[in-house]
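# A closer look at the structure
Here is how the chains run, residue by residue.
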Amino acid sequence: MSGLPTLSSATVEVAGRNWLTAQLLMRGFEVSTPVVDRGVDLIVFKEVGEQGIRALPLQLKCASAESFSLDRKYEGRGIPLAYIWNVTANPVAFLMTYEEALAVLGPKAAASQSWMAGGKYAVTRVGADLRQRLLPFENRWDWLAERLSAQPESGAA
């Protein structure tokens, strides 16, 4: 789209979060946005029973094009990662666990200096190989619903 201004990363994140929120709402999920971002960008939830809910936090990575990154700080937190690509044109979502994201990056990334020294790795030019490894994680709405259903119910005795 020509004529669009260059967008800040904060603007791209808001646009990606709003796109994902709309996708989730249309699929029957409820969505809440934390007031302060401390590693949780969205909370997906469903009401169960008369007074209970099941909730699942999400960590978002939104990009105006195609990029893939991972930070070791998400290891062991059990928070699904949602990568939203092409936010300004034709958005697509990749939903996965930290462990799945690490496997997608592969052993070359895990052996890199940026991963070993800083616990971070980013790919800004997504090649055909990485795109192929990401295909199973595209638009995993049923997977997300299963993860949510597996969460403990609030208000349960």
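The rules behind each value
Residues numbered from 1 in each chain as written. Predicted model: local features only at pLDDT ≥ 70, side-chain atom pairs only at ≥ 80, totals over all residues. Heavy atoms only, no water. Helix = DSSP H or I, 4+ residues; strand = E, 2+ residues; numbered from the N terminus. Buried < 20%, exposed > 50% of the residue type's maximum accessible area, 1.4 Å probe, protein only. Salt bridge = Lys/Arg side-chain N within 4 Å of Asp/Glu carboxyl O. Pairing = 2+ DSSP bridges. Axes fitted to C-alpha atoms, helices over the stretch in contact; angles between N-to-C directions. Contact = heavy atoms within 4.5 Å. Phe/Tyr/Trp six-rings, centres within 6.5 Å; stacked < 30°, edge-to-face > 60°. Lys NZ or Arg CZ within 6 Å of the ring centre and 35° of its normal.

## Observations concerning the environment of Arg38
In this fold, Arg38 is placed in the loop between strand 1 (30–32) and strand 2 (42–48). In this structure Arg38 comes out as exposed when scored by relative accessible area, which is 69%.

## Thoughts on the pattern of salt bridges
Taken as a whole and judged by the stated rule, the model has five salt bridges. The salt bridge partner of Arg54 is Glu153, with a shortest N-O separation of 3.8 Å. Here Arg54 is found in strand 3 (residues 52–62), whereas its partner Glu153 is found in the segment after helix 5 (141–149), with 99 residues between them in sequence. Accessibility expressed as a relative area gives 23% for Arg54, which makes it partly exposed. Taking the relative accessible area as the measure of exposure, Glu153 reaches 33% and is therefore partly exposed. Where Arg131 meets Glu66, a salt bridge forms, and the shortest distance between an N and an O atom there is 2.3 Å. With Arg131 in helix 4 (residues 128–134) and Glu66 in the loop between strand 3 and strand 4 (68–71), this pair connects stretches of sequence that are 65 residues apart. Residue classification places Arg131 among the partly exposed residues on the basis of a relative accessible area of 34%. We classify Glu66 as partly exposed; its relative accessible area is 23%.

## Points about the sheet that holds strand 1
If you trace the five strands from one edge of the open sheet to the other, you get 1-2-3-5-6, paired in mixed fashion. Where the open sheet ends on each side, the last strands, each with one partner, are strand 1 and strand 6 (92–96). Strand after strand, the sheet turns through a mean of 30 degrees between neighbouring axes, direction not considered. Pairing of strand 2 with strand 3, which is carried by seven bridges, proceeds in the antiparallel orientation. Residue Phe45 lies in a different strand from strand 3, and its bridge partner there is Ala55. With respect to the sheet, helix 1 (residues 9–26) is in contact with strand 1, strand 2, strand 3, strand 5 (81–85) and strand 6, its orientation differing from that of strand 3 by roughly 140 degrees. The sheet strands contacting helix 5 are strand 2, strand 3 and strand 6, and the helix crosses strand 3 at an angle near 135 degrees.

## Topic: the packing of aromatic side chains
Summed over all chains, the structure comprises two aromatic pairs. Seen from the ring of Phe29, Lys46 lies directly overhead, with NZ or CZ sitting 5.1 Å from the centre.

## Quick notes on unusual backbone geometry
In this structure, Asn86 takes a positive phi of about 55 degrees despite not being glycine. Structurally, Asn86 can be placed in the loop between strand 5 and strand 6. Even without being glycine, Asn139 reaches a positive phi, approximately 50 degrees. Overall, Asn139 belongs to the partly exposed group, its relative accessible area being 34%.

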